[in-house]
Amino acid sequence: MCTVIVHVPADPAAPVRLLAVRDEDPARSWDPLGPWWPELPDVTGVRDRRAGGAWLAADAGAGRVAVILNRADVLPADGAGQAEPPRSRGRIVLDAVAGEGPIAPPHAQGFNLVEVTQAGATVTMWDGTDLRRVGLTPGIHMIAHDDIDDEATARIAAWRDAFAEPAAADERWWEPWLDTLERTSGVGPTDDRAIVRDNRPFGYPTLSLLVCAASLGPDGVDVRYAEFDEPGQWNRPRLA
């Protein structure tokens, strides 16, 4: 139940910015932002150790950033009734930064794939029935486990308008968004509106673990990473 905030500028010469909050089971080990894939020497990302894919990845040379959010499971996790088990969603991220988008129908659980390139930002949504790819228009967008800017998702209805457009030339553009993220944490991590979340009361073992901020524009790609001191609890992350 991750959350991504994206700003697409009206000026095509200005950078696209995103802030991504990762929710995952703390018992599922991961590696922080780094160059973890020898076969992809130009790619850095947050690696899932179990399946080997990425939650978020970037190729600075190619000018690509991608991050994936889970939707509802649409295939049996153990592959029952299938010719093969579902493909790891983390491999879809690595394909995306290599310039290879998912094909229909993807043999994977449901997902929302956010991609940023010099051409702008897109979201590819797989709900088990349709694979849809939507270009994001200028402005602020939020993506979680349903559709883009879906006000049926409580956190989107509550907070999308609270994230102001970042200043294009601000070197620490993410700080006002962290201010907003801190305000959202006032509802507590188990509230439907929470962005920094504890999802265990909803039947999922996932908690908010970390934050990444990414900027992609004419000056290149910049990605920052920080973990929360305690899963599912707000403390101001120091993105570096």
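The written sequence of each chain sets the order in which its residues are numbered from 1. The predicted origin of the model limits local features to residues at a pLDDT of at least 70 and limits the giving and counting of side-chain atom pairs to 80 or more, whereas totals for whole chains, interfaces and linings rest on all residues. Side-chain numbers here rest on the full set of heavy atoms in the structure, without hydrogens or water.

Caption draft 1: A look at empty space enclosed by the protein. Cavity: a set of points on a 1 Å grid over the protein atoms alone where a 1.4 Å probe fits but cannot get out. Pocket: an open set with protein on both sides within 12 Å along at least five of seven lines, its lining residues, like those of a cavity, having an atom within 4 Å of a point. Grid points are joined across faces, edges and corners, and a volume is the space filled by probe spheres set on the points. Here the structure, examined in full by the defined rule, presents 1 cavity of 30 Å³ or more. Roughly 30 Å³ of internal volume is contained in the largest cavity. What lines the largest cavity is simply Val 16, Arg 17, Leu 18, Val 65, Val 116, Ala 214, Ser 215 and Leu 216. Looking at side-chain class alone, the lining of the largest cavity contains 6 nonpolar, 1 polar and 1 charged residues. Residues are sorted three ways: Asp, Glu, Lys and Arg are charged, Ala, Val, Leu, Ile, Met, Phe, Trp, Tyr, Cys and Pro are nonpolar, and all the rest, Gly among them, are polar.

Caption draft 2: Up close: the pattern of salt bridges. By definition here, a salt bridge exists when the distance from a side-chain nitrogen of Lys or Arg to a carboxyl oxygen of Asp or Glu is within 4 Å. Under the definition given, this model contains 17 salt bridges. Note that Arg 236 and Glu 182 form a salt bridge whose closest N and O atoms lie 3.4 Å from each other. A residue pair is termed long-range when its members are at least 10 positions apart, and Arg 236 in the segment after strand E12 (220-227) and Glu 182 in helix H3 (residues 174-184) qualify at 54 residues. We classify Glu 182 as partly exposed; its relative accessible area is 38%. Between Asp 222 and Arg 224 there is a salt bridge; the shortest N-O distance is 3.0 Å. Buried residues are those whose accessible area, probed at 1.4 Å on protein chains only, stays under 20% of the maximum for their type, while exposed residues exceed 50% and partly exposed ones sit between those limits. For Asp 222, a relative accessible area of 29% puts it in the partly exposed group. What makes Arg 224 partly exposed here is its relative accessible area of 23%. Salt bridges here are not isolated pairs; linked through shared partners, they connect Arg 172, Glu 175, Asp 179, Glu 182 and Arg 236. Each helix is a run of H or I in the DSSP string that is no shorter than four residues. Each strand is a run of E no shorter than two, and both are numbered from the N terminus.

Caption draft 3: Representation of the sheet that holds strand E10 (residues 139-143) in the model. The 5 strands lie next to each other as E10-E1-E2-E11-E12, forming an open sheet whose pairing is antiparallel. Two strands close off the open sheet at either side, each with one partner strand: E10 and E12. Within the sheet, the average angular offset between the axes of one strand and its neighbour, ignoring direction, is 15°. Strands pair, by our definition, only if DSSP identifies at least two bridges between them. Where strand E1 (residues 3-8) and strand E2 (residues 16-24) come together, 5 bridges link them in antiparallel fashion. Across the sheet, Val 4 pairs through a bridge with Ala 20, a residue of E2. To get an axis, a line is fitted to the C-alpha atoms, and for a helix only the part in contact is used. The angle between two axes follows their N-to-C directions and goes from 0 to 180 degrees.

Caption draft 4: Structural view of the pairing of strand E6 (residues 64-70). In terms of residue burial, E6 counts as a mostly covered element, since 5 of its 7 residues are buried. The sheet contact formed by strand E5 (residues 54-59) and E6 spans 4 bridges and is antiparallel. Following the sheet pairing, Ala 58 is matched in E6 by Val 65. Where E5 hands over to E6, the hairpin turn is made up of 4 residues, of which Gly 63 adopts a positive phi near 70°. Note: E6 against strand E7 (residues 111-117), 7 bridges, orientation antiparallel. Bridge assignment links Leu 69 to a residue of E7, and that residue is Asn 112.

Caption draft 5: Layout of the packing of aromatic side chains. The rule is short: rings of Phe, Tyr and Trp, with Trp giving its six-membered ring, pair when the centres are within 6.5 Å, and they are stacked under 30 degrees, edge-to-face over 60, tilted in between. Within the structure shown, the criterion is met by 4 aromatic pairs. Judged by centre distance (5.8 Å) and plane angle (85°), the rings of Trp 173 and Trp 174 are edge-to-face. Accessibility assignment for this pair places Trp 173 and Trp 174 in one class, buried. Ring pairing ties together the aromatic residues Phe 163, Trp 173, Trp 174 and Trp 177, which thus form one cluster.

Caption draft 6: Structural view of the sheet that holds E6. If you trace the 7 strands from one edge of the open sheet to the other, you get E3-E4-E5-E6-E7-E8-E9, paired in antiparallel fashion. The outermost strands of the open sheet, each flanked by one partner alone, are strand E3 (30-34) and strand E9 (131-135). Strand after strand, the sheet turns through a mean of 15° between neighbouring axes, direction not considered. With 3 bridges connecting them, E3 and strand E4 (residues 43-48) associate as antiparallel partners. Bridge pairing links Asp 31 to Arg 47 in E4. By definition, residues are in contact when any of their heavy atoms lie within 4.5 Å. Relative to E6, helix H1 (residues 89-97) is tilted by about 160°, and along the sheet it contacts E4, E5, E6 and E7.

By themselves, these are just geometric observations and shouldn't be taken as functional.
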